[in-house]
Amino acid sequence: MQTITSLKSRAVFVPMTRPLHTATGTITKVPLVLIDLATSAGAIGRSYLFCITPLALKAQVALLDDMASLVVGQPLVPFDIEQMLAKRFTLLGATGLVGMAISGIDAALWDAKAIEANLPLARLLGGAVRPVKAYNSCGLGLMGPDKVAREALELLQGGFSAMKLRLGYATLDEDLAAVRAVKAALPAGIVLMTDYNQALDPTEAIRRGHALEEFGLAWIEEPVRADDHAGNARVAAALKTPVQIGENYWGPRDMARAVAAGASDYVMPDLERIGGVSGWLRAAAIADAAALPMSTHLFPEASAHLMCVTPTAHWLEYVDWANPVLQAPLEIRDGHAMIRDAPGSGLVWDETRVKQYAY
Ligand SMILES: [Mg+2]
């Protein structure tokens with residue numbers, strides 16, 4: 001049985017191609033933690049975490065360094081390690097930086113497992129490697145109608161047929177102007193998702209949602225606070241446009257509570273909050289049981305593999321944020337993520353760039 005010989009984490013602060021201004025703030029550089037987990041067979045499993053703010057980078061790395069003591073020397077059995085970590089952190093709470101660390105370790109373990117098995121992650125999990133339908137989630141922040149219309153056209157590059165526009169301007173009129181401008185700029189038939197990043201209260205979300213109904217939006221994401229299940233359920237029940245939430249589920253049990261509350265029409269768990277690959281598989285079972293279309297949130301590289309074993313797979317969210325530190329970024333062709341038929345989840349660091357962007 002192979003064992004884990006080391007777990008190393010590094011922080012990088014990577015410039016974005018398209019700065020993103022959402023209802024919760026602006027980011028121009030992405031704070032990432034890169035994880036390398038080595039095994040006695042010589043495999044290196046990799047994953048990365050998005051820390052939202054650089055202020056969390058040092059703490060996230062320190063936590064992962066300390067958690068390495070629990071993992072190093074253990075057999076390479078993702079299920080057992082996930083159970084062990086969940087137990088160890090029950091009292092502290094497996095959310096926030098702790099939850100992200102557990103998820104990052106889990107994703108690196110599965111990557112190592114796939115590399116040792118000489119299989120792409122999708123195939124290790126029993127799926128086939130196939131093109132995964134993706135929407136372009138780069139850019140389209142709160143920049144006003146002229147700029148979003150211009151950027152929307154650029155986002156068609158790569159053959160994308162779908163993209164996501166951030167909403168949550170000060171007024172409904174400004175939201176409508178942005179949607180109208182993007183719709184007018186794009187060819188007919190392009191699918192448009194929108195995201196409020198939790199900006200509204202339920203009453204305002206219903207008012208704005210009704211006004212947006214005429215545009216046939218693919219979904220309205222996080223219209224209200226993500227943990228307000230009752231509020232989300234009210235909005236979902238009131239609108240014809242589907243409500244999408246899920247990036248803030250902290251593990252499958254949290255997701256199960258939201259699903260039981262009827263909080264949304266669609267779900268989109270996030271690899272680093274749902275519990276890595278192990279958490280994702282449980283989340284996919286919950287979505288399947290409830291017949292809810294399931295999309296991904298960030299981390300398109302590993303998430304593309306997971307979509308190949310997600311019964312209600314819907315849309316892969318494509319962002320290029322990690323591309324500058326990847327040797328071979330995820331390829332997009334005709335609006336689909338093309339998973340490489342190579343061992344693992346497809347993450348290999350470009351060490352020169354990693355050094356350049358070290359934080
Ligand atoms: Mg979102």
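Bear in mind that the values here come from a model prediction, so they are computed numbers and not experimental data. (Residues numbered from 1 in each chain as written. Predicted model: local features only at pLDDT ≥ 70, side-chain atom pairs only at ≥ 80, totals over all residues.)

> Explanation requested: the pairing of strand β6 (residues 191–195) in the structure shown.
Remark: a regular strand shows side chains that alternate across the two faces of the sheet. With 4 of 5 residues buried, β6 lies mostly within the body of the structure. As judged from the 5 bridges shared by strand β5 (residues 162–166) and β6, these two strands associate in the parallel manner. Along β6, the bridge assignment pairs Arg166 with Asp195. Handedness of the crossover joining β5 and β6 through helix α6 (residues 172–185): right-handed. Note: β6 against strand β7 (residues 219–221), 3 bridges, orientation parallel. Considered in β7, the bridge of Thr194 is made with Ile220. For the segment spanning β6, helix α7 (residues 202–212) and β7, crossover handedness is right-handed. (Buried ≥ 20, exposed ≤ 12 C-beta atoms within 10 Å, placed from the backbone. Helix = DSSP H or I, 4+ residues; strand = E, 2+ residues; numbered from the N terminus. Pairing = 2+ DSSP bridges. Right-handed = clockwise from strand over helix to strand, strands pointing away.)

> What's the story with the domain arrangement of the protein in this structure? I'm lost.
Interface size, as often reported, equals the accessible area lost upon joining of the parts. Taken domain by domain, the protein consists of domain 1 (4–119 + 351–356) and domain 2 (123–338). Taken over C-alpha atoms, the centre of domain 1 sits 23 Å from the centre of domain 2. Contact residues are listed per partner, giving 37 residues for domain 1 and 31 residues for domain 2. Looking at the side of domain 1 that touches domain 2, the elements with two or more residues in it are β1 (4–22), β2 (25–39), β3 (44–50), α2 (78–88), α3 (96–116) and α13 (351–356). It is α3 that contributes the most residues to the side of domain 1 that touches domain 2, 10 residues altogether. Class assignment of the residues belonging to the side of domain 1 that touches domain 2 gives a composition of 23 nonpolar, 9 polar and 5 charged. (Domains from an automatic or database assignment. Contact = placed C-beta atoms within 7 Å. Nonpolar A, V, L, I, M, F, W, Y, C, P; charged D, E, K, R; others polar.)

> Sorry, what's going on with the packing of helix α1 (residues 57–71) against α3 here?
Two quantities define a packed helix pair, namely the angle between the axes and the distance from one axis to the other. Where α1 contacts α3, the axes come no closer than 10 Å and their chain directions differ by 55 degrees. The orientation of α1 with respect to α3, classified from their angle, is oblique. α1 and α3 meet at a crossing whose hand is right-handed. Across from Ala59, Gln60, Leu63, Leu64, Met67 and Val71 in α1, the residues of α3 making contact are Leu97, Val98, Met100, Ala101, Gly104 and Ile105. For the contact of α1 with α3, the per-class residue count stands at 10 nonpolar, 2 polar and no charged. (Axes fitted to C-alpha atoms, helices over the stretch in contact; angles between N-to-C directions. Parallel < 35°, antiparallel > 145°, perpendicular 65-115°, else oblique. Left-handed = near helix turned anticlockwise from the far one by under 90°.)

> Hey, could you run me through the sheet that holds β3 in this one?
Paired through backbone hydrogen bonds, the strands of a sheet run either parallel or antiparallel to each other. One open sheet accounts for 3 strands, arranged β1-β2-β3; its pairing is antiparallel. Of all strands in the sheet, those bounded by a partner on one side alone are β1 and β3. Between one strand axis and the next, the sheet turns through 20 degrees on average, direction left out of account. In the sheet, β2 pairs with β3 via 7 bridges, with the strands oriented antiparallel. Within β3, the position partnered with Asp36 by the bridge is Arg46.

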